[in-house]
Amino acid sequence: MAGGRWLELAEALGLGSGWRHACHAMLYAPDQGLLFGHIPLRYAVLMQMRFDGRLGFPGGFVDAQDSSLEDGLNRELLEELGEAAAAFRVERSDYRSSYAGTRPRVVAHFYAKRLTPEQLAAVEAEAPRAKDHGLEVLGLVRVPLYTLLDGVGGLPAFLENSFIGVAREQLLDALQDLGLLESGFIQGLKIPGGHKKQLSMDP
Ligand code: APR
Ligand code: MG
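Residues numbered from 1 in each chain as written. Chains lettered and ligands numbered in written order. Predicted model: local features only at pLDDT ≥ 70, side-chain atom pairs only at ≥ 80, totals over all residues. Heavy atoms only, no water.

Chemist: Whenever I open this one, the coordination of the magnesium ion (ligand 2) confuses me. Can you help?
Modeler: When a metal carries six donors in an octahedron, the ideal angles between them are 90 or 180 degrees, while four donors in a tetrahedron ideally lie at 109.5 degrees. Gly59 (O) and Glu80 (OE) make up the full set of protein donors to the magnesium ion (ligand 2), lying at 2.2 Å. A residue pair is termed long-range when its members are at least 10 positions apart, and Gly59 in strand β5 (residues 59-61) and Glu80 in helix α2 (residues 69-81) qualify at 21 residues. Taken individually, Gly59 and Glu80 each receive the classification buried, so the pair is uniform in this respect. (Donors = N, O, S within 2.8 Å, 3.2 Å for Na, K, Ca; no water. Helix = DSSP H or I, 4+ residues; strand = E, 2+ residues; numbered from the N terminus. Buried < 20%, exposed > 50% of the residue type's maximum accessible area, 1.4 Å probe, protein only.)

This is the structure:
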């Protein structure tokens, strides 16, 4: 996103009333599955197809009636994912980054929460009954973490999709930092600006 920047949470919280705050979360769980019986899935990582045709993470705007960023985030998760999101709470300790975009003035806070495989399966099962299903949320998707033998199928092809805001950078940063990928994967991808430290040096 042109014109935006990564910033610390304390600075983000001090931005004036001209700024709206939004919170989104990457939910993930270990996955012992094998694609075609031999390609390890490693983790189930959830994203969603949004109303605008882009991929993003569940979450949304924090409202005036929310008493904290996390209250707003957990309310949005209930609306977008349904009742299975009531079985856990995304906390400040799950916070990862903040990004301030200038047009419009929205500061997007990002969280990552590890669930049990059962909790994640319940989210996927309940999602079609969520309030926002078929409206703001067109469906949940799992992120393929592997690369097929052609060197493109899997995560490289997934990353060619269109993403909202800095969702692609948030995804890559979390996958790398939380150790969800096989080592060396991101380096092998040769993605310019593939994580926030590189991005923050962009003009
Ligand atoms: N990175 C950066 N910004 C993001 C990200 C992200 N990963 N995901 C979303 N945003 C931005 C969006 O562009 C939007 O400006 O954060 C803002 C809020 O996020 P949404 O999830 O789109 O908001 P939500 O509250 O769930 O609902 C969307 O907002 O503008 C209205 O009419 C629109 O009803 C719709 C609602
Ligand atoms: Mg949303």
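Let's pick the thread back up.
Chemist: What's the story with the site of ligand 1 in this structure? I'm lost.
Modeler: The environment of ligand 1 is formed by 17 residues, the closest being His24, Gly59, Phe61, Glu80 and Gln170. Between ligand 1 and the protein, one listed contact pairs an oxygen atom with a side-chain N or O atom of Arg50 at 3.1 Å. Protein chains bury 73% of the 700 Å² of accessible surface belonging to ligand 1 in isolation. Elements that contribute at least two residues to the shell around ligand 1 include exactly β2 (20-35), β5, α2, β7 (106-114) and α5 (167-177). Per-element accounting of the shell around ligand 1 gives the leading share, three residues, to β5. Tallied by class, the residues present in the shell around ligand 1 amount to eight nonpolar, five polar and four charged. (Near = heavy atom within 4 Å. Polar contact = N/O pair within 3.5 Å; in protein donor to acceptor, adjacent residues only side chain to side chain. Areas by Shrake-Rupley, 256 points an atom, 1.4 Å probe, with all protein chains shown as cover. Nonpolar A, V, L, I, M, F, W, Y, C, P; charged D, E, K, R; others polar.)

Chemist: Looking at this model, I keep getting lost on the side chain of Lys113. Mind explaining?
Modeler: Along the chain, the position of Lys113 falls in strand β7. A polar contact is formed between the side chain of Lys113 and the backbone oxygen of Arg89, at a distance of 3.2 Å. Setting aside anything within four residues of it in sequence, one finds Lys113 in contact with Met26, Leu27, Tyr28, Phe88, Arg89, Val90 and Asp94. (Contact = heavy atoms within 4.5 Å.)

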